[in-house]
Amino acid sequence: MENKEIAAILDEIASMLSIEERPTSMFEVRAYRKAAQVIDGLQEPIEGIYAKGGLDALMELPGIGKSIAGHIEEYIKTGKIRKYEELKKKYPIDMAGLTSITGLGAKTAITLYKKLGIKDIDDLKKALAEHRISKLEGFGERSEESIKKGISIYEGSKGRLLISDALPIAEEIATQLMDSGLIEKLVIAGSTRRMKETVGDLDILAISKKGKEVMDLFTSLKMVSSVVQKGPTKSAVLLKAGLTCDIRVLEPESFGAAVQYFTGSRDHNIQVRTIAVRKGYKLNEYGLFDKNDRNIGGIDEESIYAKLGLQYIPPEMREARGEVALAIAKKIPRLVEIGDINGDLHTHTKATDGQNSIEEMVAAAQKLGYKYLANTEHTKSLYIAKGMDDKQFAVHMAKIDKLNEKLGKFKILKGVELDILKDGSLDLGAPTLKKMDCVVAAVHSSLSMKKEEMTKRVVKALDTGLVHILAHPTGRIVGEREAYEIDLEKVAEAAERNGVALEVNAQRRLDLNDTNILLVSKYKVMFAIDTDAHNTTHFQLMRYGVGTARRGWLTKDRVMNTLPIEKLLKVLKK
Ligand code: DGT
Ligand code: CA
Ligand code: CA
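A brief structural summary. (Residues numbered from 1 in each chain as written. Chains lettered and ligands numbered in written order. Predicted model: local features only at pLDDT ≥ 70, side-chain atom pairs only at ≥ 80, totals over all residues. Heavy atoms only, no water.)

## Comments concerning the environment of Lys-350
Here Lys-350 is to be found in the loop between strand S10 (343-347) and helix H17 (358-367). Residue classification places Lys-350 among the partly exposed positions, given a relative accessible area of 48%. Separated by 143 residues in the primary sequence, Lys-350 and Ile-207 place their C-alpha atoms 47 Å from one another. Every residue in contact with Lys-350, bar those within four places of it in the chain, is listed here: Gln-355, Asn-356, Ser-357 and Lys-386. (Helix = DSSP H or I, 4+ residues; strand = E, 2+ residues; numbered from the N terminus. Buried < 20%, exposed > 50% of the residue type's maximum accessible area, 1.4 Å probe, protein only. Contact = heavy atoms within 4.5 Å.)

## Focus on the coordination of the calcium ion (ligand 3)
Distances from the calcium ion (ligand 3) to its protein donors, Asp-201 (OD), Asp-201 (OD), Asp-203 (OD) and Asp-246 (OD), fall within 2.2 to 3.0 Å. Donor residues for the calcium ion (ligand 3), ordered by position in the chain, follow D-x1-D-x42-D. Separating the calcium ion (ligand 3) from the calcium ion (ligand 2) is a gap of 3.8 Å, bridged by Asp-201, which donates to each. With Asp-201 in strand S4 (residues 201-207) and Asp-246 in strand S7 (residues 244-250), this pair connects stretches of sequence that are 45 residues apart. (Donors = N, O, S within 2.8 Å, 3.2 Å for Na, K, Ca; no water.)

## So, the packing of aromatic side chains
Across all of its chains, the model carries 3 aromatic pairs by this definition. Taken together, a centroid distance of 4.8 Å and an interplanar angle of 80 degrees make the contact between Tyr-261 and Phe-262 edge-to-face. Ring centres of Tyr-370 and Phe-539 lie 6.3 Å apart, and the angle between their planes is 85 degrees; on these two criteria the pair is classed as edge-to-face. Here Tyr-370 is found in the loop between H17 and strand S11 (372-378), whereas its partner Phe-539 is found in the loop between strand S16 (527-530) and helix H23 (542-551), with 169 residues between them in sequence. According to the relative accessible area criterion, Tyr-370 is buried, its value standing at 8%. The exposure class of Phe-539 is buried, given its relative accessible area of 3%. (Phe/Tyr/Trp six-rings, centres within 6.5 Å; stacked < 30°, edge-to-face > 60°.)

## A word on the pattern of salt bridges
A side chain with one charge can pair with a side chain of the opposite charge if their charged atoms come near. One pass over the structure, following the stated rule, counts 30 salt bridges. Put simply, Arg-476 and Glu-197 hold a salt bridge, and the shortest N to O gap is 2.7 Å. Note that Arg-476 is positioned in the loop between strand S14 (469-470) and helix H21 (488-498) and Glu-197 in the loop between helix H11 (190-193) and strand S3 (198-199), a separation of 279 residues in sequence. With relative accessibility at 11%, the residue Arg-476 sits in the buried group. Judged by its relative accessible area of 24%, Glu-197 falls in the partly exposed class. A salt bridge links Arg-550 to Glu-316; the shortest N-O distance between them is 2.8 Å. You can see Arg-550 sitting in helix H23 and its partner Glu-316 sitting in the loop between helix H15 (301-307) and helix H16 (323-328), a full 234 residues away along the chain. Taken as a pair, Arg-550 and Glu-316 share a single burial class, namely buried. Salt bridges linked by common partners bring Arg-194, Glu-319, Arg-321, Asp-514 and Arg-551 together as one network. (Salt bridge = Lys/Arg side-chain N within 4 Å of Asp/Glu carboxyl O.)

Laid out in structure tokens, this is it:
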């Protein structure tokens, strides 16, 4: 531990010295970097080396001269290095954090500090979200993009991956394993099966008679970067995507028990196990065992829950939030399913910041079996998104009317993603809005308002009675931006009063999230699960919105875009 700490400090000193404009600094920088590497690679604790041989022993290490040895001695004795403290005062920035982002060196970090006051990754993210970096001299849209990418890589490697990044990888692994013909059954378990918004690692379970061959294949898949562990029944690999993937090969008799156990969550499992114990059973990843140690429910999850007197609990609900009590009372609801979705109520095209034409979007929606699609372009205040004004919307809507005539039963709803301005007023006139089928309102600016102010702003917009859906109600973007301050219950009250649906946005936002949905669903409000598609491939994100809705226990009748078109239009008219 101590070696790593000292190495990190020396490395940071090197970064800070690298921007001092003195002729000697290049040598110093190199010396500190080298020393950091040497210490990081030591097998023995540096403290032990010092204890045995003092300063001389330190100086015998490769790359460590008198002054750096002195720093190490100082750190061992006092827990501090004065030179480091002084540099930190001069540059009060999280250099280690910032420079761990690919493509962001110490020089850039200092420039960003001097020009924009950016001290750490959080500041950096804020500046990116507000597009402040691209406006700096020597920077541009491209550097902003590359820093953004660097951040997402950094966060990926730091651990958790967004569900919409993780699940496709897990499915690709599953497909390649299944294609081998070696496997009879396979389940992707863990947080991925629960559709948690971020995933720490992938957990795959399989039934096979050929464990060894499965493991040979698994560890040699193209998405594997290194093998962590390899055995006939259990292996683990680090994936190139930055997360690990475990696989277990099981006997059919215990497969269900393993699926139940490794789906989690841990807290859910603990509650279920308590019930098993109360019945005199034993439940673990190998099975559900009675008093005579007979496995009475290992084959599938359904039989485990049934033998325990519980209704089957969908994976997305297994978070120890009251679902076990509900299962005892046989009151688990039928949650909304992807097949219930009849259309998407928040989408963009080339007319503003989307990448496909309306015709292409419609064709893609029809291919998914959708019955309708709301086209909701941005409004004028969002000029970076080429937002349109009342006049432009009039022309645009006429175009959609024409298109609808040709489409037959499929319907494009005329809509808008309407900016809620800073004072809660709307970015288009009421006459324009009244001509629309689907007004989706959203906050895109002045995100750092006080809670009361933000709440008032949104409530005021809903109280105009001109809004159908409140899009991404908290403004958060997973791994990029925190939610803004807002009293969601007050917003839900206003939504109930005005018949406004709250969005579950299926993009990287996943907003509302599961806990927010659980919080506001006690109000009589509908929800809309939207992909906020900016191109045709974005429609594929719907399942993450549905997964999030299921984690918030939503049933079909609470979700507006499960309605058939006639009913939907009636609801929207009201
Ligand atoms: P993650 O990977 O952090 O996104 O979350 P999970 O839920 O996939 O957690 P993971 O991969 O550590 O373990 C998979 C499941 O295995 C977990 O949801 C529940 C079960 N499990 C793991 N460790 C324990 C444990 O100590 N006790 C119990 N009851 N279950 C455990
Ligand atoms: Ca996991
Ligand atoms: Ca795991």
